[in-house]
Amino acid sequence: MKYKDRIYEAWQFTQNNKKIIIWYGFLPAFLTTCVGIVYVAYQFLAFKSSPLFDNAEQSFSYTVFTTIINFIKANFSYSVPMLVAAIILLVVYLFIPIILGAAMIEYIARHRNNQKITLGDGITLGLPSFLPLFEYSLAMGTFSIISITTEAGFVLRNLGPNAFNTLLPLFIIILIVALIVHVLFTFAEYYIVIDDEGMMSSIVKSCSLVMRNIQQTFALVVLMMIIGVRIIMQIVLLILVPAIVITGLAYFASISLQEYSLIIIIGLSGVFILFASYLSAVVHVFSVSVWVYTFLDFTEKGYISAREKNDN
């Protein structure tokens, strides 16, 4: 099967299985969207208060830290419930996406192999893969684009442009290495979930599988990146156009209903976040489907030794 056929098959699966988008894809996408908004806002405000722009007396991180401490001191009776809520949110953010990701892989793989499986079965079958997947996600966090850009931004804000220019070649090398690692480790998660392999064994087998199918894998990576960029642009347009219209309506509503302006803004922001999360979930399910199908196709025949004879 050609990689274009896999993409078409994966898109058909995504379109015909809306439940998997809602139950497996939406919550991780919602969490990622919210964290992404907070991350972008933090980076913007951190740069704005840095010596590069405002040259504030205190860094934005210090301001945030002192604000939280002062709030806790002023509202000490609420500190315990807030701490419990923060721990729950942290656990949900760290664990739930991994569990649902394993369930999604199990569901897609078994569905493609014509096995009868329910959404609940996917979670049950995916749970044993949680620990190695969690270990793998921690290891891959070092090579994430967000980690690298965060470190580069930290250097630029705190050490200045000269230090950043000096370290720029190092950041570029790290970025290239990270991209190579991501390509070589493409199938590690699928070895962990589908074949019940450990983290290190999955990484080794993924590297071997990618190298044996380097042409198709690289072509698929490039094609998925192009599709991803196009989908992101469509998401931005789909969100931006209604946002401009609704924001204008909200502005006029806030003039006449000033006491409800904050509620209007929060409500519209919530609608945009939910809409963006759903579209992100669709893209995620589609992407996972493509790679699961590719993994199953690549591993179906296994490795053929040069000593094996072809009877045809």
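All values reported here derive from a predicted model rather than from experimental measurement.

Asker: Describe the overall build of the protein, with residues and values.
Answerer: Each helix and strand counted, the protein has twelve helices and zero strands in total. Evaluated residue by residue, the protein yields a buried proportion of 32% over its 312 residues. Put simply, 75% of the contacts in the protein that link residues at least 6 apart link residues at least 24 apart. Entry remark: accessible area of the protein is about 19800 Å², with carbon and sulfur atoms responsible for 70%.

Asker: Give me the side chain of Arg 6: which residues, what numbers.
Answerer: Turning to its location among the elements, Arg 6 is positioned in helix α1 (residues 3–16). For Arg 6, a relative accessible area of 3% translates into the label buried.

Asker: Explain the nonpolar core to me, using residue names and the numbers behind them.
Answerer: Within the largest apolar cluster, 50 residues are counted, with the highest numbers of intra-cluster contacts made by Ile 20, Tyr 24, Ile 108, Tyr 136, Phe 187 and Val 292. Elements represented by at least two residues in this core include exactly α1, α2 (18–48), α4 (79–112), α6 (130–141), α9 (188–194), α10 (199–212), α11 (214–256) and α12 (261–300). Sorting elements by how many residues they give to this core places α12 first, with twelve residues. Excluding residues within four positions of it along the chain, Tyr 136 makes contact with Phe 185, Ala 188, Glu 189, Ile 192, Met 199 and Ile 203.

Asker: Which residues make up the packing of aromatic side chains, and what are the values?
Answerer: Applying the stated rule across the entire model yields 13 aromatic pairs. Ring centres of Tyr 190 and Phe 295 lie 6.1 Å apart, and the angle between their planes is 40°; this geometry places the pair in the tilted category. Here the residue Tyr 190 occupies a position in helix α9, and Phe 295 occupies one in helix α12, the gap between them amounting to 105 residues. Note on accessibility: Tyr 190 and Phe 295 belong to one class, buried. An aromatic cluster is built from Phe 187, Tyr 190, Tyr 191, Trp 291, Phe 295 and Phe 298, whose rings are joined through pairwise contacts. Taking the ring centre of Tyr 293 as reference, the NZ or CZ of Arg 112 above it sits at 4.7 Å. Its guanidinium or amino end placed over the ring of Phe 47, Arg 157 lies 5.1 Å from that ring's centre, counting from NZ or CZ.

Asker: Residues and numbers for the packing of helix α7 (residues 145–159) against helix α8 (residues 161–184), please.
Answerer: The contact between α7 and α8 brings their axes to 9 Å, and the two run at 175°. Taken together, α7 and α8 sit at an angle that is classed as roughly antiparallel. On α8, the residues touching Ile 145, Ile 148, Glu 151, Ala 152, Val 155, Leu 156 and Leu 159 of α7 are Pro 161, Ala 163, Phe 164, Leu 167, Phe 171, Ile 174, Leu 175, Ala 178 and Leu 179. A breakdown of the residues in the contact of α7 with α8 according to their chemical character gives 15 nonpolar, no polar and one charged.

Asker: Describe the pattern of salt bridges, listing the residues and the values that go with them.
Answerer: According to the stated counting rule, one finds five salt bridges in the structure shown. Note that Arg 112 is salt-bridged to Glu 9, the shortest N-O span being 3.2 Å. Of this pair, Arg 112 sits in helix α4 while Glu 9 sits in helix α1, and the two are 103 residues apart along the sequence. Residue Arg 112 is classed as buried on the basis of its relative accessible area, which comes to 17%.

Asker: How would you summarise α7 if you had to cite specific residues and measurements?
Answerer: Compared with an ideal rise of 1.5 Å per residue, which puts 15 residues at 21 Å, α7 spans 21 Å between its outermost C-alpha atoms and is within 8% of the ideal. All buried positions along α7 are accounted for by Ile 148, Ala 152, Gly 153, Val 155, Leu 156 and Arg 157. Close packing links the buried residues of α7 with α2 and α8.

Asker: Give me helix α5 (residues 119–126): which residues, what numbers.
Answerer: Turning to α5, its buried residues number three or more, namely Leu 119, Gly 122 and Gly 126. For α5, the angular spread of the buried residues around the axis is 50°, confining them to a single face. Next to the buried residues of α5 lie α2, α4 and α6.

Asker: Provide a residue-level description of the confidence of the model for the protein, including the pertinent values.
Answerer: Close reading of the predicted structure is inappropriate where its pLDDT is low. Taken residue by residue, the protein gives an average pLDDT of 81. The fraction at 70 or more is 80%. Ranking the helices and strands of the protein by mean pLDDT puts α9 first, with 94, and α11 last, with 63.

Asker: Mind laying out the environment of Ala 178, listing which residues take part and the relevant values?
Answerer: Among the secondary structure elements, Ala 178 is positioned in helix α8. Measuring from C-alpha to C-alpha, the distance between Ala 178 and Ile 145 comes to 7.7 Å, with 33 residues separating the pair along the chain. Setting aside its immediate chain neighbours within four residues, Ala 178 contacts Phe 143 and Ile 148.

Parameters at a glance
Residues numbered from 1 in each chain as written. Predicted model: local features only at pLDDT ≥ 70, side-chain atom pairs only at ≥ 80, totals over all residues. Heavy atoms only, no water. Helix = DSSP H or I, 4+ residues; strand = E, 2+ residues; numbered from the N terminus. Buried < 20%, exposed > 50% of the residue type's maximum accessible area, 1.4 Å probe, protein only. Contact = heavy atoms within 4.5 Å. Areas by Shrake-Rupley, 256 points an atom, 1.4 Å probe, with all protein chains shown as cover. Core = buried A, V, L, I, M, F, W, Y, C linked by side-chain atoms within 4.5 Å. Phe/Tyr/Trp six-rings, centres within 6.5 Å; stacked < 30°, edge-to-face > 60°. Lys NZ or Arg CZ within 6 Å of the ring centre and 35° of its normal. Axes fitted to C-alpha atoms, helices over the stretch in contact; angles between N-to-C directions. Parallel < 35°, antiparallel > 145°, perpendicular 65-115°, else oblique. Nonpolar A, V, L, I, M, F, W, Y, C, P; charged D, E, K, R; others polar. Salt bridge = Lys/Arg side-chain N within 4 Å of Asp/Glu carboxyl O. Expected span 1.5 Å × (residues − 1). Arc of directions from axis to C-beta. pLDDT = per-residue confidence, 0-100.

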